[in-house]
Amino acid sequence: MATIEAMQIRLRPLVQDTPVWTANEKGAFSVASAWNIFRKVPFKMCFTVWRALRDRLPTDARNIWRIICGVKGIPFTGVSFRMLLVNWWKAKTKNPVEACLINCLPIVTTWEIWKAICGVKYGSERLNIVNTQFPKFNTKPIRSSVCHLFNINIGFKKTIITKWNKPPAFFVKLNSDGSCKNGLCGGGGVMDNLGCLIAAFTINLGPGTSNWTEAQSLLFGIKWCINNGLHCILVKTDSKLLVDCLNGNNCVPWRISDEINELRSLREQTIFNLNHCFRESNQVADKLASLSHESLQNQLFHNFDEVPRQVRGIMNMDKWSLLAFRVVDKRTYITFEPP
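All figures in this text were calculated on a predicted structure; none of them were measured in a lab.

Visitor: Report on the side chain of Asp 244, specifying residues and quantitative values.
Guide: Note that Asp 244 resides in helix α10 (residues 240-246). The exposure class assigned to Asp 244 is buried, which follows from its relative accessible area of 15%. When sequence neighbours within four positions are dropped, the list of residues in contact with Asp 244 reads Asn 249 and Asn 250.

Quick look at the structure:
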């Protein structure tokens, strides 16, 4: 009760109360988010693995583990059962199907070995459940398909050419970005006019989330422009969520609802156009945001010589309109048709 009473709750009497589903970043209930809360490996399987890790179960069947580990090339000889599981769960994967199998297969294998040992020990040898209930079902095609998924890359790489563009006449350009490191957040941005620096900043925000950091950094930059008489602003950020929320194309996450409302009120007072850009064309703001963790104070730079050395080269590349290349991993859709 004392913890609840100590909580600082901000009341907004002019805003209608709305329920928030905290399991979803957008605050709206979805079956998928509820399923992620309750989806767990069956307790009996987890308990079996827990006992096996403490040498309370004889599940170290090397012949079976040799077959399973051989597909992935995971070492199994001369290692303990604990290290065997560690090697499994640290193995690199090439696609999401393989990652799912890598996480589940050791637990299921341990459970099946234990059930087979109990069946033999108590006189009721347990056969393979698939072959028992479906005697005409052929498992070889499935095994070959699984092995095939272990060795392919589901997807391809796509290269996109991008660059930092100068703002039109009578406009200033604001690039902003946020950074989270070890639970602490910081923001950075740069205001530019036709390639000439007006100001750059770094802000230290303390604990928070990545979306909240992006919103705070953008809010700081817009307020600075308004306070210094700059009312025609072209804003660029690499946060697609922030752009969609402010332009009304997406539901506003409850964690940044206050910042979005404040940005909308500022847009009524001035002229600023918010658009999304790739991270490769937002490198100056990205670097400033990462440098914000090195200082506990907010920093404001008014000329090129004051800007940190790590940022000057990137600013010159943007001024010269040099191209940047964005490499994207495109994954194809996976369709599983049961037999």
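Now, onward.
Visitor: Describe the packing of aromatic side chains, listing the residues and the values that go with them.
Guide: The relative placement of two aromatic rings is captured by the distance of their centres and the angle of their planes. Within this structure, the stated rule accounts for one aromatic pair. For the pair Phe 201 and Phe 220, a centre-to-centre distance of 4.8 Å together with 50° between the ring planes defines the contact as tilted. Taken together, the residues span a long stretch of sequence, with Phe 201 in strand β4 (residues 196-207) and Phe 220 in helix α9 (residues 210-227) at a distance of 19 residues. Take Phe 201: its relative accessible area is 0%, and that puts it in the buried class.

Visitor: Which residues make up the sheet that holds β4, and what values go with them?
Guide: Taken in spatial order, the six strands line up as β6-β5-β2-β3-β4-β7 in an open sheet, and their pairing is mixed. Looking at the sheet topology across the chains shown, the edges are occupied by β6 (271-276) and β7 (299-301). For this sheet, the mean inter-axis angle between neighbouring strands, taken without regard to orientation, is 15°. Sitting on the sheet, helix α12 (residues 283-291) touches β2 (172-181), β3 (184-193), β4 and β7, and the angle it makes with β3 is about 145°.

Scoring rules and cut-offs
- Residues numbered from 1 in each chain as written.
- Predicted model: local features only at pLDDT ≥ 70, side-chain atom pairs only at ≥ 80, totals over all residues.
- Heavy atoms only, no water.
- Helix = DSSP H or I, 4+ residues; strand = E, 2+ residues; numbered from the N terminus.
- Buried < 20%, exposed > 50% of the residue type's maximum accessible area, 1.4 Å probe, protein only.
- Contact = heavy atoms within 4.5 Å.
- Phe/Tyr/Trp six-rings, centres within 6.5 Å; stacked < 30°, edge-to-face > 60°.
- Pairing = 2+ DSSP bridges.
- Axes fitted to C-alpha atoms, helices over the stretch in contact; angles between N-to-C directions.

Honestly, that's just the spatial picture; any functional story needs more than this.
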